[in-house]
Amino acid sequence: MPFARYVEPGRVALVANGSLKGKLVSIVDVIDQTRVLVDGPGSGVARQKIRLNQLHLTKFRLSYPFTAPTRVVRKAWTDAKLNEKWDASQWAQKLANKQKRAQMTDYDRFKLTAARVKRNRARTAVFKSLKTKAARSGAFGKRNVPKSAERKPRTKKAPSAKPAKK
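With that out of the way, let us pick up the pattern of salt bridges. Close approach of charged atoms lets side chains of opposite charge pair. Taken as a whole and judged by the stated rule, the model has seven salt bridges. Measuring nitrogen to oxygen at the nearest pair gives 2.6 Å for the salt bridge that ties Asp106 to Arg109. Within this pair, Asp106 and its partner Arg109 are both found in helix α4 (residues 106–137), separated by three residues, close to a single helical turn. With relative accessibility at 59%, the residue Asp106 sits in the exposed group. Each of Glu8, Arg11 and Arg61 takes part in a single network of salt bridges with overlapping partners.

On to unusual backbone geometry, then. It is generally the case that most residues other than glycine have a negative phi and that most peptide bonds are trans. One non-glycine residue, Thr67, adopts positive backbone phi at about 50 degrees. Structurally, Thr67 can be placed in the loop between β5 (55–61) and α1 (70–79). Its relative accessible area of 38% is what places Thr67 among the partly exposed residues. The phi dihedral of Lys81 falls on the positive side, at around 50 degrees, and the residue is not glycine.

Time to look at the environment of Phe60. Among the secondary structure elements, Phe60 is positioned in strand β5. Using a relative accessible area of 13% as the deciding quantity, one classes Phe60 as buried. Each C-alpha atom, one on Phe60 and one on Lys81, is 11 Å from the other, the two residues being 21 residues apart in sequence. Residues in contact with Phe60, not counting those within four places in the same chain, are Gly10, Arg11, Val12, Leu82, Lys85, Trp86 and Ser89.

Below, the discussion takes up the pairing of strand β3 (residues 35–40). Bridge count for strand β2 (residues 24–30) against β3 is four bridges, and the pairing is antiparallel. Along β3, the bridge assignment pairs Ile27 with Val38. One ladder, built from five bridges, connects β3 with strand β4 (residues 45–51); its direction is antiparallel. Across the sheet, the residue bridging to Arg35 is Arg51, located in β4. Counting the residues between successive antiparallel strands, the hairpin from β3 to β4 contains four residues, one of them, Gly44, with a positive phi of roughly 80 degrees.

Here we take up the sheet that holds β2. Across the sheet, which stays open at both edges, the five strands sit in the order β4-β3-β2-β1-β5 with antiparallel pairing between neighbours. Of all strands in the sheet, those with a lone pairing partner are β4 and β5, marking the two edges. Averaged over neighbouring strand pairs, the angle between their axes works out to 40 degrees when direction is ignored.

With that out of the way, let us pick up the nonpolar core. Grouped together as the largest cluster of nonpolar side chains are 14 residues, with contacts concentrated most on Val12, Leu24, Leu62, Tyr64, Leu82 and Trp86. When residues of this core are traced back to their parent elements, those giving at least two are β1 (11–15), β2, α1 and α2 (82–88). Sort the elements by how many residues they give to this core and α1 lands first, with three residues. Discounting chain neighbours no more than four positions away, the residues touching Val12 are Leu24, Val25, Ser26, Leu57, Thr58, Phe60, Arg61, Leu62 and Leu82. Residues Ala13, Val15, Val25 and Ile27 belong to the second largest nonpolar core, which totals 11 residues.

Next up on the list: the environment of Val25. Structurally, Val25 can be placed in strand β2. In sequence terms Val25 and Val15 are 10 residues apart; their C-alpha atoms lie 7.3 Å from each other. Not counting the four nearest positions on each side in its chain, Val25 is found in contact with Arg11, Val12, Ala13, Val15, Val38, Asp39, Gly40, Val45, Leu55 and Trp77.

What counts and how
Residues numbered from 1 in each chain as written. Predicted model: local features only at pLDDT ≥ 70, side-chain atom pairs only at ≥ 80, totals over all residues. Heavy atoms only, no water. Salt bridge = Lys/Arg side-chain N within 4 Å of Asp/Glu carboxyl O. Helix = DSSP H or I, 4+ residues; strand = E, 2+ residues; numbered from the N terminus. Buried < 20%, exposed > 50% of the residue type's maximum accessible area, 1.4 Å probe, protein only. Contact = heavy atoms within 4.5 Å. Pairing = 2+ DSSP bridges. Axes fitted to C-alpha atoms, helices over the stretch in contact; angles between N-to-C directions. Core = buried A, V, L, I, M, F, W, Y, C linked by side-chain atoms within 4.5 Å.

Listed below in structure tokens is the structure:
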């Protein structure tokens, strides 16, 4: 099945660009192949038409009738607790982290680098201690294999008796 998210009434989408960038809307009606009617009562977006190439479809879908009024969309939005579900999603968390990083100052970036160095040094010290402990017990690296019985020294074979040429 190639597609899992369809442009359909009730599908929740994230606005990708424009003045509403980053806001959630719900598709109310499909106008034509390139435009849809959207409404976002939970995110403060008024009912309006928007191009499909400005939307990113999400996995969320609300259940309400075709071309439902704003009050019905608002009720479905609150009943589904869409804002809480969106905030808990990985997508929203990545967007929030991206926004935090964009607002960092030079000093914040310096503090972050210093914290990473400190964390990595502690991690390396613990790893090395565990590695040496495992190597001593024989669970890591070359194992202590008992030597086999001593081999006999190799000796040259006695030349075999070949018949003389006539």
